[in-house]
Amino acid sequence: MEKIRNLSLRKSIIVYMLAGIVIGFILGAVVSMEAERAQEQIWWKYVDQDRYIEEMQNRNPNAFDVTIPRVSSEEMSRTDARRSELCDFLDTYGILVLCAAGIVVSTFLFYRNKIRRPLLELNLATKKIADNDLDFEIGYQSKDELGVLCREFDHMKAELAQNNQKMWRMVEDEQVLRSAIAHDLRTPLTVLKGYQEMMMEFLPEEKLDREGLLDMLKESMGQVERLERFLDRMRAFSALEKEPLSCRDTTADEIAEQIEKTGKMLAEASGKQFDIFTGGEGEKLALDPDLILEVAENLITNALRYAKSKVSAVVCQETDRLMLEIKDDGTGFAISEEEAKQAFTSANPRDDLKHFGLGMYISEVCCKKHGGYLEVENQRDGACVRAYFRSHPEGK
């Protein structure tokens, strides 16, 4: 039964039709025989029964059978005449009528068993999608064409739900980004506005000496440079989102060698120690080294800012991905893991004005772009950040 249920629609309709025709033919033959016998019983009432019995007894065994002669409808009662005509009809057309009925019934059963349920489920699914309700599953699991269609529809629904989540996440990220940009620009603009108001107030009255004026101009220039760095960082971030991956075959050792050069230069500039370790399998992965180095630079720079004396990195090659771990010996994150990965977030609001809190956010964007993700956690001896990058053999 399960095998028949999983037949293709073409094979199924052939099976249903053949079954309907065969059953109709058998029933038609039975009805035809019964109609013929019933008609003879009707005629038996109107024939010379003694003569028929005598002929049956005297008939030649090698000759034809002696049958009851047909009785004219005028010789029968109205009821018997109608019954005889009905028997005539069933005897002549019974097989044809019941074969046609078998085809109709088999078509109905084919629709009910093979078409009706998947159509109802697909119709209900389209209404739910129209109502933006994507929390459902299509229960039709047959292996026929409609079963495949239902599974593809289910897959399409899942992709649609995932795309909707991504779209809403992008909208929310964009709102957070716009809000954070406005918040981050307000500080230097407020400082510049304050200096301008002081100069407009005190310069006409000559209450501001040359040294104080130069200090204000120097501070104002610092805020202008901060805004320039901010705009450069935002342009680089926009270019990073639009630029496609440029993957090539590489290993953890090759990536670690490039990260080591960058890490040692950054550590030397900050007067701290940097160590790096490699591990994992030696097979090559299809990775974008420039994007990984961008993440490594952001994470190392961030770790060096909060480290007491030392930052360590681990580059580990797994089956189909690369893991980059950056640890520092600082006090760890004073904010939650999710907050640490948001744009323009800093654990110390009075931190150096050169930093905008974009490093962790850009690193997470890079990881997602490379099919991976970013993990943030506090450990007993400091903060730890892990970045994962999935291998892209197709280079996309």
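Residues numbered from 1 in each chain as written. Predicted model: local features only at pLDDT ≥ 70, side-chain atom pairs only at ≥ 80, totals over all residues. Heavy atoms only, no water.

Per-residue pLDDT for the protein chain averages 80, and the proportion of residues at 70 or more is 81%. This stretch, residues 343–356, has a pLDDT under 50; its non-local contacts, to residues over four places away or in other chains, come to 37 contacts. (pLDDT = per-residue confidence, 0-100. Contact = heavy atoms within 4.5 Å.)

On to the environment of Gln39, then. Locating Gln39 in the fold gives a position in helix H2 (residues 9–44). According to the relative accessible area criterion, Gln39 is buried, its value standing at 4%. Taking the C-alpha atoms as reference points, Gln39 and Arg83, separated by 44 residues in sequence, lie 7.6 Å from one another. (Helix = DSSP H or I, 4+ residues; strand = E, 2+ residues; numbered from the N terminus. Buried < 20%, exposed > 50% of the residue type's maximum accessible area, 1.4 Å probe, protein only.)

Glancing now at the nonpolar core. In this structure, Ile259, Val315 and Phe389 are the most contacted members of the largest nonpolar core, which totals 37 residues. The greatest single-element share of this core, amounting to nine residues, is contributed by helix H8 (residues 289–306). Among all residues touching Val315, those that are not within four sequence positions of it are Ala252, Ile255, Ala256, Ile259, Ile276, Phe277, Thr278, Gly279, Leu322, Met323 and Leu324. One finds Ala125, Phe136, Tyr140 and Cys150 within the second-largest nonpolar core, a separate group that totals eleven residues. (Core = buried A, V, L, I, M, F, W, Y, C linked by side-chain atoms within 4.5 Å.)

What follows deals with H8. Here H8 is 18 residues long and its end C-alpha atoms lie 26 Å apart, about the 26 Å a rise of 1.5 Å per residue gives. Along H8, the residues that are buried comprise Pro289, Leu291, Ile292, Leu293, Val295, Ala296, Asn298, Leu299, Ile300, Asn302, Ala303 and Leu304. Backbone nitrogen of Asp290 and a side-chain oxygen of the N-cap are separated by 3.3 Å at the start of H8; the cap is Asp288. (Expected span 1.5 Å × (residues − 1). Polar contact = N/O pair within 3.5 Å; in protein donor to acceptor, adjacent residues only side chain to side chain.)

At a closest axis distance of 10 Å, the pairing of helix H7 (residues 252–270) and H8 adopts a crossing angle of 30 degrees. In terms of axis orientation, H7 runs roughly parallel to H8. Regarding H7 and H8, the two cross each other, and that crossing is right-handed. Counted together, Ile255, Gln258, Ile259, Thr262, Gly263, Leu266, Ala267 and Ser270 of H7 and Pro289, Ile292, Leu293, Ala296, Glu297, Ile300, Thr301 and Leu304 of H8 form the full contact between these two elements. Classifying every residue of the contact of H7 with H8 by side-chain character gives ten nonpolar, five polar and one charged. (Axes fitted to C-alpha atoms, helices over the stretch in contact; angles between N-to-C directions. Parallel < 35°, antiparallel > 145°, perpendicular 65-115°, else oblique. Left-handed = near helix turned anticlockwise from the far one by under 90°. Nonpolar A, V, L, I, M, F, W, Y, C, P; charged D, E, K, R; others polar.)

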